[in-house]
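Residues per chain are reported as follows:
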Amino acid sequence: MMERAGDANRITRAYFDSLLLEMRHIGAVVPDTSVTVYGHTFKTPVMTAALSHLDRHCHPGGMAELARGAADAGAVMWTGMGSEDELERITATGAKTVKIIKPHADNELIFRKIAHAEACGCIAVGMDIDHAFNSRGEFDTVLGLPMAGKTLEDIERFAKATRLPFIIKGVLSVRDALLCRQAGVRGIVVSHHHGILDYAVPPLMLLPEIADAVGGTMPVFLDCGVSSGLDVFKALALGAAAVSVGRALMGPLSEGGADAAARCIREMTAQLAGAMARTASAAAAQIDRSVLRRI
Ligand SMILES: Cc1cc2nc3c(=O)[nH]c(=O)nc-3n(C[C@H](O)[C@H](O)[C@H](O)COP(=O)(O)O)c2cc1C
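Residues numbered from 1 in each chain as written. Predicted model: local features only at pLDDT ≥ 70, side-chain atom pairs only at ≥ 80, totals over all residues.

Asker: Whenever I open this one, the overall build of the protein confuses me. Can you help?
Answerer: Looking only at helices and strands, the protein features ten helices and 14 strands. Relative to the globule expectation of 19 Å for 295 residues, the C-alpha radius of gyration of the protein, 18 Å, shows essentially globular dimensions. Here the C-alpha coordinates of the protein stretch approximately 55 × 45 × 35 Å along the principal axes. Within the span of the protein, comprising 295 residues, buried residues form 47% of the whole. Sequence separation of 24 or more characterises 68% of the internal contacts of the protein that already satisfy a separation of 6 or more. (Helix = DSSP H or I, 4+ residues; strand = E, 2+ residues; numbered from the N terminus. Rg over C-alpha atoms; globule rule 2.2 N^0.38 Å. Buried ≥ 20, exposed ≤ 12 C-beta atoms within 10 Å, placed from the backbone. Contact = placed C-beta atoms within 7 Å.)

Here it is, written out as structure tokens:
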């Protein structure tokens, strides 16, 4: 198949690979990879991405199987579109879970899903606002359900409707990051939703500007194309509080279920620790941006 010139996934990979690491040995210590997210401490900043429908794509145990892996690895579990039953199966694994709701046209459905995530004991809830449109500029339909664009006022109402932190996923501009803060949002995911827009800026490229703009007031997360602990290191260095991994976890999950997903998260965390040790980065939240150089 012909490669698309504007494929944002390819451009994002090239950006990851254009960043190189200095080495800093003097005074280096055994690194601490743990992170605290919304008051909960995790062993690793490697989180799952807000995936969905894994029973069709990947493993018969679906999202709950991934949740078992995340809990076992001491990682944050994120989940996307799915039924109430499925969310209950996910949180029953004990995984600390973030639920991401689609930008459904029906706001009442969104409010019900927010309340359900709260009742399930999720640690945060949010919305992937980047899934409102299809690539022809029409409102999208996802598995028969109509989507719609959301206004600042809608987002304010969603954030106010819950005592949980409300997160917006799919922020790819300082503009939207500042608007999210204005709306009372308490976390953002810098993401292009695995290439939803051709020529979308690599999330990693915008991350420092977005982290500088809002990172002092809320955690800034990142996903898209993260496939190793070195990628995680680069995202943390540029201001991410933690990083989500989607497609790179799906292969292990489909081959070896929860255990293999947990092993993959642990392996990425070990690679991250290796890079932290060799750059004198003592803690995940303290990686110095100046350690990175661009080709
Ligand atoms: C099978 C699959 C299902 C997904 N479902 C959702 C979803 O329901 N909600 C959402 O916000 N993102 C969803 N995503 C997007 C991921 O959360 C993530 O943004 C994207 O895959 C980029 O990360 P990656 O490059 O590590 O895969 C899905 C991705 C995949 C591959």
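Resuming the write-up.
Asker: Just checking my understanding: could you explain unusual backbone geometry for this structure?
Answerer: With glycine set apart, most residues show a phi of negative sign, and most peptide bonds adopt trans. Look at histidine 194: it is not a glycine, yet its phi comes out positive at around 40°. Tracing the backbone through its elements, the reader meets histidine 194 in the loop between strand S11 (187–190) and helix H8 (203–214). A positive phi angle, near 60°, is found at tyrosine 199, a position not held by glycine.

Asker: Looking at this structure, I do not really get the site of the ligand. What am I missing?
Answerer: Around the ligand, the structure places 21 residues, and the nearest of them are Ser52, Gly80, Met81, Asp128 and Gly246. Grouping the constituent residues of the shell around the ligand by class yields nine nonpolar, eight polar and four charged. (Near = placed C-beta within 6 Å. Nonpolar A, V, L, I, M, F, W, Y, C, P; charged D, E, K, R; others polar.)

Asker: Just to check I follow, could you spell out the nonpolar core for this structure?
Answerer: General note: in soluble globular proteins, nonpolar side chains tend to be found buried as a group. Counting residues in hydrophobic clusters, the biggest one holds 89 residues, and the most contacted among them are Val76, Ile188, Val190, Leu207, Ala235, Ala240 and Val243. Looking at this core, the element that brings in the most residues is helix H10 (residues 247–277), giving eleven residues. Apart from residues no more than four positions distant in its own chain, valine 76 is found in contact with Val37, Phe42, Met47, Ala70, Lys96, Val98 and Ala242. (Core = buried A, V, L, I, M, F, W, Y, C linked by C-beta atoms within 7 Å.)

Asker: Please clarify how the sheet that holds strand S5 (residues 77–79) should be interpreted in this entry.
Answerer: Adjacent strands of a sheet form backbone hydrogen bonds with each other and so pair up, either parallel or antiparallel. Ordered in space as S4-S13-S12-S11-S10-S7-S6-S5, the eight strands form an open sheet in which the pairing is parallel. Pairing within the sheet leaves two strands with one partner each, and these edge strands are strand S4 (46–48) and S5. In this sheet, adjacent strand axes meet at a mean angle of 30° when their direction is disregarded. Pairing of strand S12 (residues 220–222) with strand S13 (residues 242–245), which is carried by two bridges, proceeds in the parallel orientation. Looking at S13, one finds that phenylalanine 221 is bridged to alanine 242. Along the sheet face, helix H3 (residues 62–73) touches S4, S5 and strand S6 (97–101) and points at about 160° away from the line of S5. (Pairing = 2+ DSSP bridges. Axes fitted to C-alpha atoms, helices over the stretch in contact; angles between N-to-C directions.)

Asker: How do you make sense of the pairing of strand S10 (residues 166–171) when you look at a structure like this?
Answerer: The side chains of a regular strand alternate, first on one face of the sheet and then on the other. In terms of burial, S10 is a largely internal element, six of the six residues being buried. In the sheet, S10 pairs with S11 via four bridges, with the strands oriented parallel. Along S11, the bridge assignment pairs isoleucine 167 with glycine 187. Handedness of the crossover joining S10 and S11 through helix H7 (residues 174–182): right-handed. (Right-handed = clockwise from strand over helix to strand, strands pointing away.)

Asker: Could you clarify how one ought to interpret H10 in this entry?
Answerer: At 3.6 residues per turn, the α-helix brings residues three or four places apart onto the same side. Compared with an ideal rise of 1.5 Å per residue, which puts 31 residues at 45 Å, H10 spans 27 Å between its outermost C-alpha atoms and falls more than 12% short. Along H10, the sharpest kink reaches roughly 140°, centred on glycine 256. (Expected span 1.5 Å × (residues − 1). Bend = angle between axes of the 7 residues up to and from the residue.)

Asker: For this particular structure, what's the right way to read the packing of H3 against H10?
Answerer: Any two packed helices are characterised by how steeply their axes cross, that is the angle between the axes, and by the distance between the axes. Viewed as axis vectors pointing N to C, H3 and H10 meet at an angle of 25°, and their least axial separation amounts to 8 Å. By the angle class used here, H3 and H10 are roughly parallel. Between H3 and H10 lies a crossing whose hand is right-handed. Side by side, H3 and H10 meet where Glu65, Leu66, Arg68, Gly69, Asp72 and Ala73 of the first sit next to Leu253, Gly257, Ala258, Ala261, Ala262, Ile265 and Arg266 of the second. (Parallel < 35°, antiparallel > 145°, perpendicular 65-115°, else oblique. Left-handed = near helix turned anticlockwise from the far one by under 90°.)

Asker: Is there a simple way to think about the environment of arginine 293 in this case?
Answerer: Note on placement: arginine 293 falls in strand S14 (residues 292–294). Residues arginine 293 and glutamate 22, 271 residues apart in the sequence, show an inter-C-alpha distance of 7.3 Å. Each residue touching arginine 293, except ones within four places of it in the same chain, is listed here: Leu20 and Glu22.

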